[in-house]
Amino acid sequence: MKFQFNFWTKITSILSFLLLLFSSCAFKKDVIYYQNMDALQIKQNVSSYEVKIQPDDLLMIMVFAEDAEAVIPFNLKTYSVSANHKLDIAHSSETIQQYLVDEHGIIDFPILGKLQVGGFTRTELLQLLKNKISLYVKNPLINLRITNFKISIQGEVNLPGTFSIASERVTVLEALSMAKDLTIYGKRKNILIIRENNGVKSFNRIDITNLDFISSPFYYLAQNDIIYVEPNRTKINSSVVGSSTSVLISAISILMSIYVLILK
């Protein structure tokens, strides 16, 4: 009986060890954000960041002035019509014209004609428009927005998807918060950011466990950036072993423990 007890105790211990090996445990340094926060000295003034206009951006540009009639030619309007077939009634709605930046970074703006806007920051483009419109209108006030600013988040996050951004200024941390944060299986030290600039894609990695990434050019996201969070070793191992195998090992371990208790 003593032999059987020692034998089954060893078997149970081995199975428990295997279960722990496959399920694994993440180390503290792999999951906690901003670990060097106290020692870090941020040198870059990140508050000055501005996105740059890119091809395929959709711009809403509105011009105002004291003389409202003078700016009418600069504010083209479009009309959309919707019909209610049951009541035989048509409704029209009026919206401000938006301008699509073409593949060469050009928009066709009323009165001013074709303008090269690709590569300009929002501040630079506002100044360019003000200078040109001032030739026709006294003290123009210009409102400019990128209306199709979006980012995509994939991989080990709780809510992957594509998100529209209203502010034109979003950090990678804010983006991950939109995706309900990383899962416990997300690799925090090697987050991939795919960015396209002038038709050329770049692949860049950041480590959010190290606060140095705040000084990175990828702390603020550009329009159409893609964030990919890789699975960590635990998730990869579990996909190889399979969830059914882990359940089987657990079940066998429990049965062995019960058997040992009965023998006692």
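Residues numbered from 1 in each chain as written. Predicted model: local features only at pLDDT ≥ 70, side-chain atom pairs only at ≥ 80, totals over all residues. Heavy atoms only, no water.

A. Highlighting a nonpolar patch on the surface. A cluster of nonpolar side chains, Ile111, Leu135 and Tyr136, forms an exposed patch at the surface whose accessible area comes to about 370 Å². As for its position among the elements, Tyr136 is in the loop between helix H3 (122-133) and strand E7 (141-146). (Patch = residues over 30% accessible without salt bridge, like charges linked within 9 Å, V, L, I, M, F, W, Y side chains within 5 Å. Areas by Shrake-Rupley, 256 points an atom, 1.4 Å probe, with all protein chains shown as cover. Salt bridge = Lys/Arg side-chain N within 4 Å of Asp/Glu carboxyl O. Helix = DSSP H or I, 4+ residues; strand = E, 2+ residues; numbered from the N terminus.)

B. Local environment of the environment of Phe109. Locating Phe109 in the fold gives a position in strand E5 (residues 106-109). A relative accessible area of 1% places Phe109 in the buried class. Along the sequence, Phe109 and Leu129 sit 20 residues apart, while their C-alpha atoms lie 9.8 Å from each other. Sequence-distant contacts of Phe109, that is, excluding residues within four places in its chain, are made with Ile61, Val63, Phe74, Tyr99, Leu115 and Ile133. (Buried < 20%, exposed > 50% of the residue type's maximum accessible area, 1.4 Å probe, protein only. Contact = heavy atoms within 4.5 Å.)

C. Quick look at the pairing of strand E1 (residues 58-64). The element E1 is extensively covered by neighbouring structure, given that five of its seven residues are classed as buried. Both E1 and strand E4 (residues 98-100) contribute to a ladder of three bridges, which runs antiparallel. Paired with Met60 across the strands is Gln98, a residue of E4. As defined by bridge partners, E1 adjoins E7 across six bridges and the pair is classed as antiparallel. Looking at E7, one finds that Ile61 is bridged to Leu144. (Pairing = 2+ DSSP bridges.)

D. Layout of the layout of surface pockets. Reported here for the largest pocket is a volume of approximately 360 Å³. As for the largest pocket, its lining consists of 20 residues, and the residues nearest its centre are Lys52, Ile53, Gln54, Gly119 and Asn197. The residue inventory of the lining of the largest pocket, partitioned by class, reads six nonpolar, nine polar and five charged. (1 Å grid on protein atoms, 1.4 Å probe; cavity = no way out; pocket = protein on both sides within 12 Å on 5 of 7 lines; lining within 4 Å. Points joined across faces, edges and corners; volume = space filled by probe spheres on them. Nonpolar A, V, L, I, M, F, W, Y, C, P; charged D, E, K, R; others polar.)

E. Representation of the pattern of salt bridges within the structure. Going through the model one piece at a time under the given rule, you end up with five salt bridges. Among the ionic pairs, Arg205 bridges to Glu230, the shortest N-O distance being 2.8 Å. Of this pair, Arg205 sits in strand E12 (residues 200-206) while Glu230 sits in the loop between strand E14 (226-229) and helix H5 (233-241), placing them 25 residues apart in sequence. Connected through shared salt-bridge partners, Lys187, Arg205 and Glu230 make up one network.

F. Just the sheet that holds E1, in detail. Read from one edge of the open sheet, three strands run E4-E1-E7, paired in antiparallel fashion. Each edge of the open sheet is held by one strand with a lone partner, namely E4 and E7. When strand polarity is set aside, the average angle formed by the axes of neighbouring strands in this sheet is 25°. Sitting on the sheet, H3 touches E1 and E7, and the angle it makes with E7 is about 145°. (Axes fitted to C-alpha atoms, helices over the stretch in contact; angles between N-to-C directions.)

G. Broad picture of H3. When the terminal C-alpha atoms of H3 are compared, their 16 Å separation across 12 residues agrees well with the 16 Å that a helix rising 1.5 Å per residue should span. For H3, the set of buried residues is Leu125, Leu126, Leu129 and Ile133. Projected down its long axis, H3 carries its buried residues within an arc of 100°, all on one side. On its buried side, H3 packs onto E1, E5, strand E6 (113-116) and E7. (Expected span 1.5 Å × (residues − 1). Arc of directions from axis to C-beta.)

All quantities given are derived from atomic positions and should not be read as evidence of function.
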